Amino acid sequence: MNTIRSANLFEEAKQIIPGGVNSPVRAFKSVGGNPLFIEKGKGSKIYDVDGNEFIEYIGSWGPHLFGHNPRFIKDALIKAIENGTSFGAPTELEVKIAKLIIDLVPSVEMIRMVNSGTEATMSAVRAARGYTGKEKFIKFEGCYHGHADYFLIKAGSGALTLGIPTSPGVTKGNAADTLLADYNNIDSVKRLVKANKNEIAAVIIEPVAGNMGVVRADNKFMEDLRNICNEEKIVLIFDEVMTGFRLSAQGAQGIYYIKPDLVTFGKIIGGGLPVGAFGGKKEIMEIIAPAGPVYQAGTLSGNPLAMTAGYAALTHIKNHPEVYDELEQKSAYLEMGFKENMKKLRKNFALNRVGSMMTLFFFEGNVNSFQAAVKSDTTLFGKYFHEMLTRGIYLAPAQFEAIFVSTAHSNQDLDKTIKANFESLKGIV
Ligand SMILES: *Cc1c(COP(=O)(O)O)cnc(C)c1O
């Protein structure tokens, strides 16, 4: 595989962009080697600047539920750009997208648009603090909620693979209000609630974690969490930046049948443009300025182009509820293929899948917690990643990430991926 142009660009980039990339996980640091510079994407494939073609499973880290550059989003964007790119004043489309989300997601009565998942989670916690008048909040080890200071305490995703459990630059003061619980361990939550009686504003959780690799929260654990929050007047926040509109049209709420008080979105909600959102109970959301006193703002929030792409994606979801059956079938097929491969090779690595999110953990055992996830052999994952890449399959370049199946993945793509999985595993185990 020729990667000369990518290598040259990376050398140049490193001189002028920290680490050569604008977001850490892109840099291939945890798998070794140089990142590929991408020129274009279409459907299930991306093409790098050296002309290599890959079937890929990152989907820009989640947004591309329908693959790269789907016709209906592209056409909507081309039309929208004729009218201008930003006004900093309200538009009808913002009302339409808010209505559509409220219509689709049962727990959302009011919603505010922002520009990224990080902004969404940050603002949701601020709203919860303003609403309850309390300052502390609980997060779970291995969950990632964006890069706001007080979330970077044992966070997942890039923060996990780079080994920066608490980032320098995060003050002790900031860390002090973040309480850490163990995922899928309700006793760890009870202990914190007891030790910090009437001081906890919120519990924030990825209902299906994707940032320590895919780990599903147990139903009972989620029910208990909901009950504790009710009893203690704690705002329960589902961080659905990854799972929203991926697991179902209601996100993870569609598989647990539990309503959070607030929910955060990003990724799919922007149809491939930079968007985030937070919403939930009207009673809480009305605390946000200018309706209420909790300040939250954004020069480009609700941007017409971003709203256009998001509205096109969500409208497609609303009109085609069958996409989730299609995603489930395709993802189950991939899972089955991988499992058969492992059987043939007498390996029993944990393969976690919920809908179209999946992670192959290089650990032989059950992975239902952060403690189990980190037992994975990341060196072996690095080898696997490069074996797959050589065979034209582009996976997320880190062990503690999800791969995403899109509706654009064809049966042929999936078969090619399963074959590559067999050969790659065979070569390294
Ligand atoms: C990606 C992600 C975020 C952060 O979103 P950004 O748009 O990268 O700021 C927050 N929470 C979860 C669960 C995510 O997957």
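Please read these numbers as outputs of a predicted model, since none were measured by experiment.

### Overview of the domain arrangement of the protein chain
(1) Moving on: If you check the domain split of the protein chain, you get domain 1 (1-56) and domain 2 (71-319).
(2) Moving on: Here domain 1 and domain 2 have C-alpha centroids that lie 29 Å from each other.

### Things to note about the side chain of Asn341
(1) Moving on: Summarising the element assignment, Asn341 is placed in helix H12 (residues 323-344).
(2) Moving on: By relative accessible area, Asn341 is classed as buried at 3%.

### Focus: the site of the ligand
(1) Moving on: The full set of residues close to the ligand is Ser116, Gly117, Thr118, Tyr144, His145, Gly146, Glu206, Asn211, Asp239, Val241, Met242 and Lys267.
(2) Moving on: Thr118 has a polar side-chain atom sitting 2.6 Å from an oxygen atom of the ligand.
(3) Moving on: Taking Tyr144, its main chain carries an N or O atom lying 3.2 Å from a nitrogen atom of the ligand.
(4) Moving on: Out of a free accessible area of 380 Å², the ligand has 83% covered by protein chains.
(5) Moving on: Tallied by class, residues from the shell around the ligand come to three nonpolar, six polar and three charged.

### What about helix H4 (residues 117-132)?
(1) Moving on: Between its first and last C-alpha atoms H4 spans 23 Å; for 16 residues at 1.5 Å apiece the expected length is 22 Å, and the two agree.
(2) Moving on: Buried within H4 we find Gly117, Thr118, Ala120, Thr121, Ser123, Ala124, Val125, Ala127 and Ala128.

### A look at the state of the cysteines
(1) Moving on: For the coordinates displayed, the defined rule picks out zero disulfides.
(2) Moving on: There is no disulfide at Cys143, and the cysteine sulfur nearest it, in Cys229, is 14 Å away.

### With respect to the sheet that holds strand S14 (residues 357-361)
Backbone-to-backbone hydrogen bonds pair the strands of a sheet. The strands run either parallel or antiparallel.
(1) Moving on: Here we have three strands laid out as an open sheet, ordered S13-S14-S16, and antiparallel in their pairing. Edge strands, defined here as strands with exactly one partner in the open sheet, are strand S13 (350-354) and strand S16 (403-404).
(2) Moving on: In this structure, S13 lies alongside S14, joined through five bridges in antiparallel fashion. Bridge pairing in S14 links Asn352 to Thr359.
(3) Moving on: Sitting on the sheet, H12 is in contact with S13, S14 and S16, with an inclination near 175° to S13.

### Notes on the nonpolar core
Considering soluble globular proteins, one finds that nonpolar side chains tend to be buried as a cluster.
(1) Moving on: If you look at the biggest cluster of nonpolar residues, it comprises 75 residues, and the most contacted ones within it are Ile101, Phe140, Leu225, Phe245 and Phe265.
(2) Moving on: Looking at which element gives the most residues to this core, the answer is helix H11 (residues 304-319), with seven residues.
(3) Moving on: Aside from chain neighbours lying at most four places away, what touches Phe245 is Leu65, Ile101, Leu104, Val105, Gly251, Phe265, Ile268, Ile269, Leu314, Ile317 and Tyr324.
(4) Moving on: Phe28, Leu36, Leu389 and Ala420 belong to the second largest nonpolar core, which has 36 residues in total.

### Focus on the packing of aromatic side chains
(1) Moving on: On inspection of all chains with the given rule, the structure shows 15 aromatic pairs.
(2) Moving on: Plain terms: the ring middles of Phe137 and Tyr150 are 5.7 Å apart, the flat faces sit at 80° to each other, and that makes the pair edge-to-face. Note that Phe137 is positioned in strand S5 (residues 136-140) and Tyr150 in the loop between S5 and helix H5 (158-161), a separation of 13 residues in sequence.
(3) Moving on: Ring centres of Phe140 and Phe221 lie 5.7 Å apart, and the angle between their planes is 75°; this geometry places the pair in the edge-to-face category. Here Phe140, found in strand S5, pairs with Phe221, found in helix H8 (residues 219-232); they are 81 residues apart in sequence, far enough to count as distant.
(4) Moving on: Taken together, the ring pairs in this structure connect Phe28, Phe54, Phe385 and Tyr394 into an aromatic cluster.
(5) Moving on: The lysine or arginine in question, Lys40, covers the ring of Tyr47, its NZ or CZ lying 5.2 Å from the ring centre.
(6) Moving on: Sitting over the ring of Phe422, Lys344 keeps its end group 5.3 Å from the ring centre.

### Here's the deal with the layout of surface pockets
(1) Moving on: Roughly 430 Å³ of volume is contained in the second largest pocket.
(2) Moving on: Taken together, 21 residues make up the lining of the second largest pocket; nearest its centre are Glu94, Arg112, Met113, Ser301 and Gly302.
(3) Moving on: Listing elements by their share of the lining of the second largest pocket, those giving two or more residues are helix H3 (92-104) and strand S4 (110-114).

### A few points about the packing of H3 against H11
(1) Moving on: Axis separation between H3 and H11 bottoms out at 10 Å; the angle between their running directions is 35°. In the packing of H3 onto H11, the handedness of the crossing is left-handed. Of H11, the residues touching H3 (which contributes Leu93, Glu94, Lys96, Ile97, Leu100, Ile101, Asp103 and Leu104) are Pro304, Met307, Thr308, Gly310, Tyr311, Leu314, Thr315 and Lys318.
(2) Moving on: Looking at the contact of H3 with H11, its residues break down into nine nonpolar, three polar and four charged.

### Focus: helix H15 (residues 411-428)
(1) Moving on: The end-to-end C-alpha distance of H15 is 26 Å, a good match for the 26 Å that 18 residues give at a rise of 1.5 Å each.
(2) Moving on: Within the sequence span of H15, burial applies to Asp413, Leu414, Thr417, Ile418, Ala420, Asn421, Ser424, Leu425 and Ile428. Along the long axis of H15, the arc covered by the buried residues comes to 165°, so they all point the same way. Seen from the open side of H15, the exposed residues pointing more than 90 degrees away from its buried face are Asn411, Gln412, Lys419, Lys426 and Gly427.
(3) Moving on: Its buried side turned inward, H15 meets strand S2 (45-48), strand S3 (53-56), H12, S14, helix H14 (378-390) and strand S15 (393-394).

### Considerations on empty space enclosed by the protein
(1) Moving on: Inspection of every chain in the model, using the stated rule, returns four cavities of 30 Å³ or more.
(2) Moving on: Lining the largest cavity are 14 residues, with Thr359, Leu360, Phe381, Leu395 and Ile403 sitting closest to its centre.
(3) Moving on: Among the secondary structure elements, those contributing two or more residues to the lining of the largest cavity are S14 and H14.
(4) Moving on: The dominant element in the lining of the largest cavity, judged by the number of residues it contributes, is S14, at three residues.

### Let's talk about the pattern of salt bridges
(1) Moving on: Following the criterion strictly, the structure yields 17 salt bridges and no others.
(2) Moving on: In this structure, Arg353 engages Glu328 in a salt bridge whose closest nitrogen and oxygen atoms are separated by 2.9 Å. Residue Arg353 is found in strand S13, and its partner Glu328 is found in helix H12; the two are separated by 25 residues along the sequence.
(3) Moving on: Classification of Arg353 as buried rests on a relative accessible area of 19%.
(4) Moving on: Judged by its relative accessible area of 35%, Glu328 falls in the partly exposed class.
(5) Moving on: For Glu335, the salt bridge identified is with Arg353, shortest N-O distance 2.6 Å. Of this pair, Glu335 sits in helix H12 while Arg353 sits in strand S13; the two residues are 18 residues apart in sequence, bridging distant segments of the chain. There is no split in this pair, since Glu335 and Arg353 are both buried.
(6) Moving on: Linked through salt bridges whose partners overlap, the residues forming this network are Glu328, Glu335, Lys339 and Arg353.

Rules used throughout
- Residues numbered from 1 in each chain as written.
- Predicted model: local features only at pLDDT ≥ 70, side-chain atom pairs only at ≥ 80, totals over all residues.
- Heavy atoms only, no water.
- Domains from an automatic or database assignment.
- Helix = DSSP H or I, 4+ residues; strand = E, 2+ residues; numbered from the N terminus.
- Buried < 20%, exposed > 50% of the residue type's maximum accessible area, 1.4 Å probe, protein only.
- Near = heavy atom within 4 Å.
- Polar contact = N/O pair within 3.5 Å; in protein donor to acceptor, adjacent residues only side chain to side chain.
- Areas by Shrake-Rupley, 256 points an atom, 1.4 Å probe, with all protein chains shown as cover.
- Nonpolar A, V, L, I, M, F, W, Y, C, P; charged D, E, K, R; others polar.
- Expected span 1.5 Å × (residues − 1).
- Disulfide = S-S within 2.5 Å.
- Pairing = 2+ DSSP bridges.
- Contact = heavy atoms within 4.5 Å.
- Axes fitted to C-alpha atoms, helices over the stretch in contact; angles between N-to-C directions.
- Core = buried A, V, L, I, M, F, W, Y, C linked by side-chain atoms within 4.5 Å.
- Phe/Tyr/Trp six-rings, centres within 6.5 Å; stacked < 30°, edge-to-face > 60°.
- Lys NZ or Arg CZ within 6 Å of the ring centre and 35° of its normal.
- 1 Å grid on protein atoms, 1.4 Å probe; cavity = no way out; pocket = protein on both sides within 12 Å on 5 of 7 lines; lining within 4 Å.
- Points joined across faces, edges and corners; volume = space filled by probe spheres on them.
- Left-handed = near helix turned anticlockwise from the far one by under 90°.
- Arc of directions from axis to C-beta.
- Salt bridge = Lys/Arg side-chain N within 4 Å of Asp/Glu carboxyl O.

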